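Breakdown of the fold
Spelled out, the chains give:
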Amino acid sequence: MSGILAAWNSQQQTPWQTMLDDLTILGTDGKGDWHDRQAQISLGRTQFFNTPESCLETPVVEAEGCVLVWDGRLDDRAAILAGRSLVTDAQLILESYRRWGEEFQRYLIGEFVFILWDTVQDVLIAGCDKVGGRTICYYWDGQTLLLSSRSLSLLHHPCVSSQLDDLYLAHTLCDLQAHPPEITPFADIKRLLPGAALVVKRGHLQHRRIARLEPLDRDLSPKFAEQHYEQFWHLLNCAVRDRLRNCRSVCTTLSGGLDSTTIAVSLLNQLPAIDAFSAITTVFPEFDERQSIQSFLQRYPQIHWHAVNCDDAWTFSDPWDTVPFLDDPLMMCNSAMQLRLMKQMQQNGFGLMFTGDWGDELCYSSLKEQAGVNNWRQVFHYFMTYGNWKSTLWNQFVLPSLPEAWQLLWFKRCQRRYNPIPPWITSAYANQSEVQTALKQYFKLQLIDGQVASLNSNIEGALFPGDTQNYKFLLAAHGIESTSPFQDQRLTEFAFRIHPSLQSNSQHDKLFFREANRTTLPDDVRLRPKNNYFDPLKYAGIGRGEIVLMLLEKIKSSPILQRRIDFKELEECLFHYRNGYVKNYSPGTPFENNSANHFFSFFAFTNWYLRLLDGYKKTHISFNL
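Read on for a plain summary of the structure. All values derive from a computational prediction rather than experimental measurement.

Turning next to the overall build of the protein chain. Summing up its helical and strand segments, the protein chain has 26 helices and 17 strands in all. Referenced to the eigenvectors of the C-alpha coordinate spread, the extents of the protein chain come out at roughly 70 × 60 × 55 Å. Of all 625 residues assigned to the protein chain, the portion counted as buried reaches 59%. Sequence-distant contacts, at least 24 apart, represent 73% of the contacts inside the protein chain between residues at least 6 apart. Total accessible area computed for the protein chain in this model is approximately 25,900 Å², and 50% of it derives from carbon and sulfur atoms.

We note that Phe316 has phi near 65°; this positive angle belongs to a residue other than glycine. Mapped onto the fold, Phe316 is located in the loop between β15 (303-309) and α9 (335-347). Even without glycine at this site, Glu592 takes up a positive phi of about 45°. Examined against the element boundaries, Glu592 turns out to sit in the loop between α25 (567-584) and α26 (593-617).

On to the sheet that holds β15. Taking strand neighbours across the sheet as the criterion, the 5 strands line up as β15-β14-β13-β16-β17 in an open arrangement whose pairing is parallel. In the strand order of this sheet, the two ends are held by β15 and β17 (481-483), each with one partner. The sheet shows a mean angle of 30° between the axes of neighbouring strands, direction not considered. Of the pairings in the sheet, the one linking strand β14 (residues 274-280) to β15 comprises 7 bridges and is parallel in character.

This part takes up the packing of α9 against helix α18 (residues 463-477). Between α9 and α18, the shortest axis-to-axis distance is 9 Å and the interhelical angle comes to 30°. For the element pair α9 / α18, the angle class is roughly parallel. Between α9 and α18 lies a crossing of right-handed hand. On α18, the residues that touch Gln338, Leu339, Met342 and Gln346 of α9 are Tyr471, Leu474, Leu475 and Ala477. Looking at the contact of α9 with α18 residue by residue, the classes come out as 6 nonpolar, 2 polar and no charged.

Our focus in this paragraph is the sheet that holds strand β12 (residues 204-209). What the 6 strands build is an open sheet, ordered β4-β5-β6-β7-β11-β12; its pairing is antiparallel. In this open sheet, the two strands that pair with only one neighbour each are β4 (61-63) and β12. Adjacent strand axes in the sheet meet at a mean angle of 25° when their direction is disregarded. In the sheet, strand β11 (residues 196-201) pairs with β12 via 6 bridges, with the strands oriented antiparallel. Across the sheet, residue Ala196 finds its bridge partner in β12, namely Arg209. Across the sheet, helix α3 (residues 89-100) is in contact with β4, β5 (66-75), β6 (109-118) and β7 (123-128); its angle to β5 comes to roughly 110°.

This paragraph deals with the pattern of salt bridges. Considering all chains together, one arrives at 46 salt bridges under this definition. A salt bridge links Arg73 to Glu111, with the nearest nitrogen and oxygen atoms 3.6 Å apart. Note that Arg73 is positioned in strand β5 and Glu111 in strand β6, a separation of 38 residues in sequence. The buried category is assigned to Arg73, whose relative accessible area is 7%. A salt bridge links Glu553 to Lys556; the nearest nitrogen and oxygen atoms lie 3.2 Å apart. What you see here is one network of salt bridges that share partners, running through Asp71, Arg73, Asp75, Glu111, Arg134, Asp242, Arg243, Glu481, Asp488 and Arg490.

Counting 97 residues, the largest nonpolar core has Leu561, Phe599, Phe602 and Phe603 as the members making the most contacts within it. Among the elements that take part in this core, α26 stands out by supplying 11 residues, more than any other. Leave out the neighbours within four places in its chain, and Leu561 touches Leu173, Ile555, Phe567, Phe602 and Phe605. Core analysis: the second largest hydrophobic core is formed by 48 residues, Tyr229, Phe232, Leu268 and Ile303 among them.

Turning our eyes to something else, we now look at a positive patch on the surface. Together, Lys412, Arg413, Arg416, Arg417 and Lys440 give the surface a local cluster of positive charge. For the positive patch, the element with the highest residue contribution is helix α14 (residues 404-417), accounting for 4 residues. Inspection of the secondary structure puts Lys412 in helix α14.

Here the focus is the packing of aromatic side chains. Tallying each qualifying case throughout the model produces 33 aromatic pairs. With a centroid separation of 4.8 Å and 15° between ring planes, the pair formed by Tyr581 and Tyr585 is classed as stacked. The class for Tyr585 is buried, based on a relative accessible area of 19%. For the ring pair Tyr581 and Phe591, a centre distance of 6.0 Å and an interplane angle of 80° mean the geometry is edge-to-face. Taken as a pair, Tyr581 in helix α25 and Phe591 in the loop between α25 and α26 lie far apart in primary sequence, 10 residues in all. Look at Tyr581 and you get buried, because its relative accessible area is 9%. The class of Phe591 is buried, set by a relative accessible area of 8%. Pairwise contacts between aromatic rings join Tyr229, Phe232, Trp233, Phe486, Phe494, Phe512 and Phe513 into one cluster. Stacked on the ring of Phe473, the Lys or Arg Arg150 has its end atom at 4.8 Å from the ring centre. Arg544 extends its terminal NZ or CZ atom over the ring of Trp314, reaching a point 4.3 Å from the ring centre.

Below, the discussion takes up the side chain of Thr46. The topology assignment puts Thr46 in strand β3 (residues 41-47). Here the side chain of Thr46 touches Leu23 through a polar contact of 2.8 Å, landing on its backbone oxygen. For Thr46, the contacting residues outside a window of four places in its chain are Ser2, Gly3, Leu20, Leu23, Thr24, Leu26, Gly27, Gly30 and Lys31.

Burial analysis of helix α19 (residues 489-496) places 7 of its 8 residues in the buried class, which makes it a mostly covered element. Turning to α19, its buried residues are Gln489, Arg490, Leu491, Thr492, Phe494, Ala495 and Phe496. The inward-facing, buried residues of α19 contact β5, β6, α6 (225-243), α10 (359-362), α17 (451-460) and α20 (511-516).

Most of β3 is tucked away: 7 of the 7 residues are buried. Alternating residues of β3 divide into Ile41, Leu43, Arg45 and Gln47 and Ser42, Gly44 and Thr46, and every residue in both groups is buried. One ladder, built from 6 bridges, connects strand β1 (residues 3-8) with β3; its direction is antiparallel. Within β3, the position partnered with Gly3 by the bridge is Thr46. The pairing of strand β2 (residues 30-36) with β3 spans 7 bridges and is antiparallel. Note that in β3 the partner of Asp36 across the bridge is Ile41. Hairpin connection of β2 to β3: 4 residues between the antiparallel strands, including Gln40 at a positive phi of 55°.

So, how was this worked out
- Residues numbered from 1 in each chain as written.
- Predicted model: local features only at pLDDT ≥ 70, side-chain atom pairs only at ≥ 80, totals over all residues.
- Heavy atoms only, no water.
- Helix = DSSP H or I, 4+ residues; strand = E, 2+ residues; numbered from the N terminus.
- Buried < 20%, exposed > 50% of the residue type's maximum accessible area, 1.4 Å probe, protein only.
- Contact = heavy atoms within 4.5 Å.
- Areas by Shrake-Rupley, 256 points an atom, 1.4 Å probe, with all protein chains shown as cover.
- Pairing = 2+ DSSP bridges.
- Axes fitted to C-alpha atoms, helices over the stretch in contact; angles between N-to-C directions.
- Parallel < 35°, antiparallel > 145°, perpendicular 65-115°, else oblique.
- Left-handed = near helix turned anticlockwise from the far one by under 90°.
- Nonpolar A, V, L, I, M, F, W, Y, C, P; charged D, E, K, R; others polar.
- Salt bridge = Lys/Arg side-chain N within 4 Å of Asp/Glu carboxyl O.
- Core = buried A, V, L, I, M, F, W, Y, C linked by side-chain atoms within 4.5 Å.
- Patch = residues over 30% accessible without salt bridge, like charges linked within 9 Å, V, L, I, M, F, W, Y side chains within 5 Å.
- Lys, Arg positive; Asp, Glu negative; His and termini not counted.
- Charge placed at Lys NZ, Arg CZ, Asp CG, Glu CD.
- Phe/Tyr/Trp six-rings, centres within 6.5 Å; stacked < 30°, edge-to-face > 60°.
- Lys NZ or Arg CZ within 6 Å of the ring centre and 35° of its normal.
- Polar contact = N/O pair within 3.5 Å; in protein donor to acceptor, adjacent residues only side chain to side chain.

So, in structure tokens, the structure goes:
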């Protein structure tokens, strides 16, 4: 991915070169900037060449009376190319702006984010795609607008405070993980929503929601299922083909599940062969998938397989001081394993990595959606199989329909019975307004129901873009860009039309994928139930890793945590967990998972905060805590 930067009407001297240099991690193929002192605007980009046409672009593109910096890839280009060739995506963006005006991004398909300055109209527009493929951070104080691919780059500007956001901190420290849209770890910095745009006209900033994923009629009925499976493969192959318009060597990740194998099959529909990388472990047999992978490889011998040993790649196992500063403390418990894969891909010269991300999202349907199409057999099967039907009926059908005031009363009752806040959070902090607000957001998140609403909540909340950006930054540090065809807008909107009865039955979830792969996948892969959770990595990192002990000692004197954390209680809980892990942990069995999640959230933040504080001291940024 490329890094983009803009400053408009800065009221203090902008450390422009420092901010632009901070984005070189995202792209080293080209670097340039553009300035208009009279209009008080600067644009800059550090380039990562991803498509053949991107190699023809200058870092800052000037045409059509506009100046543009952008990152990403446009898909379905034939619809706007009009038979032309050697046309860059940047040129298509500018032409689209001239054709459709300020809300032109609603007509584009792909993964993109852009900053466009109209030199004729004196209009600045920044926007991104509606599926969350790309995003941008910004600062606005009523006079100055700063935009950057990285929030950390904005901290170099004297207008931007490094004060942490209280609500973000409450969600993170209390492990509520229901961070509301737009917020970042820093109170002064926001993140643009998918499909949104910032428009500056006549000195005023407008925040517009240009496009959003919307519910569609469930018109893909079971009666014509075979036709729908064919349409699915057509759209998936189109999405893969668009992403193969790339100038980097291509590889894919491969597990023994439906998502990654489906992507691999589609890649082989376009390529004679493909390299695939898999995380392999004998220490954690719960998610070692070699048997299924080998079955798939026997069907497709044209796959060149790379098995990457990750026996010691548990949570907090890798030396994080060797990787770049991350914009967010949000991370996945399998990040160390992902780093191993990235390193191997880099050493083998690959620059584009396909993944099966979003496969679960495309196949999701809620119990309420099943009932909405009269699929009562599935509803009753769920009640009979999982028990506690009264609770399910109340939580999924009754509670979401109640007035908000009644819902709040129910949430308070739930909190008295089950307090989701870790026991080491001080009572004084737990009663602070930001924690109480975070608790309300946590409980309200449980009410979100349905495929489209759940997906929008996921990509719009701060958790998904924060973790996704971290993942992309780590890939960028290895010279790799990732892409998932399942995140294609056309495929996503197709999935919204699938009748819920085609998504699951009494035997299987992800039924549509399983049926669409009847002739392409071995049955032991196609029909195998799979648990995607990497919790054993988390248990090991907390239960026997040394890093958490080191982090605990380092953070005890932190002013930001002393009034929020009871360190004596935290230490007792941690040692109780570690003793229990050594004595009682059994592979394949969850081990105090709720406590493990609390520890993971806390130490992930601690690790990020200490590194950030130490690293940015060297750049003379003062943290106002």
